[in-house]
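Here are the chains, one letter per residue:
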Amino acid sequence: GFQVVIGDITCHKEAFLSMKSDASLKFHYRLEGLSGIELSDQLENKIGNYSMGVLLHPQGMEKQEHYLAGEHERSVTLICESAFLRELFASTAAKLPAALRVYIESGAVAPYHNSLPMKTDMVMAANMILTTDLRGALRRYYVEARALELLVLSLQSCIESEANVDNP
């Protein structure tokens, strides 16, 4: 119910990647690189350095990413299923944006996407995942611990963002 995807890619030519949602909650941390993301319900948004994207969409909803030639991306993505989040964060869910709260509590998926700046502690945790020299089981446990740290920091950032919406 919890996956970590590490990205370190260079696009040698302009590319458009089309993907369908699997109805899981994704947190994407972009440390380096610029791309655009287009969801079926909106125009292309730019994803730049030190941004965190939060994405939750129903099964099969399409998204396209647009990469420019020569662009180098370094990123970490967390993919979280509702049962995993419910087990750890049920008591915190009430403070989250409505779509995330409902997803954690029941697994029901309502479209949600947000882009927030990465805080310094998020940048450090994501960089540590990308740069660790550990191998084997120690690497797995280290990456898992840092990924959980990133998840906690991200949920806190979503809570703070929601509080700012409610109390401008």
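Scoring rules and cut-offs
- Residues numbered from 1 in each chain as written.
- Predicted model: local features only at pLDDT ≥ 70, side-chain atom pairs only at ≥ 80, totals over all residues.
- Heavy atoms only, no water.
- Helix = DSSP H or I, 4+ residues; strand = E, 2+ residues; numbered from the N terminus.
- Rg over C-alpha atoms; globule rule 2.2 N^0.38 Å.
- Buried < 20%, exposed > 50% of the residue type's maximum accessible area, 1.4 Å probe, protein only.
- Contact = heavy atoms within 4.5 Å.
- Areas by Shrake-Rupley, 256 points an atom, 1.4 Å probe, with all protein chains shown as cover.
- Lys, Arg positive; Asp, Glu negative; His and termini not counted.
- Charge placed at Lys NZ, Arg CZ, Asp CG, Glu CD.
- Phe/Tyr/Trp six-rings, centres within 6.5 Å; stacked < 30°, edge-to-face > 60°.
- Pairing = 2+ DSSP bridges.
- Axes fitted to C-alpha atoms, helices over the stretch in contact; angles between N-to-C directions.

Enquirer: Talk me through the overall build of the protein chain; I want residue IDs and the actual numbers.
Expert: Within the protein chain, the regular secondary structure consists of 4 helices and 9 strands. Along the protein chain, from the amino end to the carboxyl end, the secondary structure elements read β-β-β-β-β-β-β-β-α-α-β-α-α. Relative to the compact-globule value of 15 Å for 168 residues, the protein chain shows a C-alpha radius of gyration of 16 Å, a close match. Principal-axis analysis of the C-alpha atoms gives the protein chain an extent of 45 × 40 × 30 Å. Buried positions account for 42% of the 168 residues belonging to the protein chain. Within the protein chain, contacts between residues separated by at least 24 positions form 76% of all contacts whose residues are at least 6 apart in sequence. Within the structure as shown, the protein chain displays about 9,000 Å² of accessible surface, and the carbon and sulfur contribution to it stands at 55%. For the protein chain, the centre of its 15 positive side-chain charges and the centre of its 21 negative side-chain charges are spaced 4 Å apart.

Enquirer: Hey, could you go over the packing of aromatic side chains for me, with residue numbers and the actual values?
Expert: Counted according to the given criterion, the structure contains 1 aromatic pair. Here the aromatic rings of Phe 2 and Phe 84 are separated by 4.7 Å at their centres, their planes lie at 10 degrees, and the arrangement is stacked. Pair noted here: Phe 2 is in strand β1 (residues 2-10) and Phe 84 is in helix α1 (residues 82-89), with a separation of 82 residues, a long-range link. Since its relative accessible area comes to 18%, Phe 2 is described here as buried.

Enquirer: Quick one: what's the story with the sheet that holds strand β6 (residues 51-56), residue by residue and with numbers?
Expert: The strand order across the open sheet built from 5 strands is β1-β8-β3-β6-β9, with neighbouring strands paired in antiparallel fashion. Unpaired on one side and paired on the other, β1 and β9 (112-117) mark the two borders of the sheet. On average, adjacent strands in this sheet sit at an angle of 15 degrees to one another, irrespective of strand direction. Across 5 bridges, strand β3 (residues 25-32) lies against β6 in antiparallel orientation. Bridge pairing in β6 places Lys 26 opposite Leu 55. On the sheet, helix α2 (residues 98-106) packs against β3, β6, β8 (72-80) and β9 and is oriented at approximately 55 degrees with respect to β6.

Enquirer: So what's going on with the pairing of β8? Residues and values would help.
Expert: Within a regular strand, the side chains alternate between the two sheet faces. Judged by how many residues are buried, β8 sits mostly within the fold: 8 of 9 residues are covered. Sheet topology note: the β1/β8 ladder contains 9 bridges and is antiparallel. When the sheet's bridge partners are listed, Ile 6 is paired in β8 with Val 76. The sheet contact formed by β3 and β8 spans 7 bridges and is antiparallel. Each residue of the ladder has a partner; that of Lys 26, found in β8, is Ile 79.

Enquirer: Describe in detail the environment of Leu 148, supporting the description with residues and values.
Expert: When you line up the elements, Leu 148 lands in helix α4 (residues 136-166). Assessed through its relative accessible area of 27%, Leu 148 is described here as partly exposed. Considered as a pair, Leu 148 and Val 4 are 144 residues apart in the sequence and their alpha carbons are 9.8 Å apart. Every residue in contact with Leu 148, bar those within four places of it in the chain, is listed here: Phe 2, Phe 84 and Leu 88.

Enquirer: Lay out unusual backbone geometry in plain terms, naming residues and giving numbers.
Expert: Positive phi, normally seen in glycine, also occurs at Ala 23, with a value near 65 degrees. Its identity is not glycine, yet Tyr 50 carries a phi of approximately 60 degrees, on the positive side. Within the element layout of this structure, Tyr 50 appears in the loop between β5 (45-47) and β6. Using a relative accessible area of 44% as the deciding quantity, one classes Tyr 50 as partly exposed.

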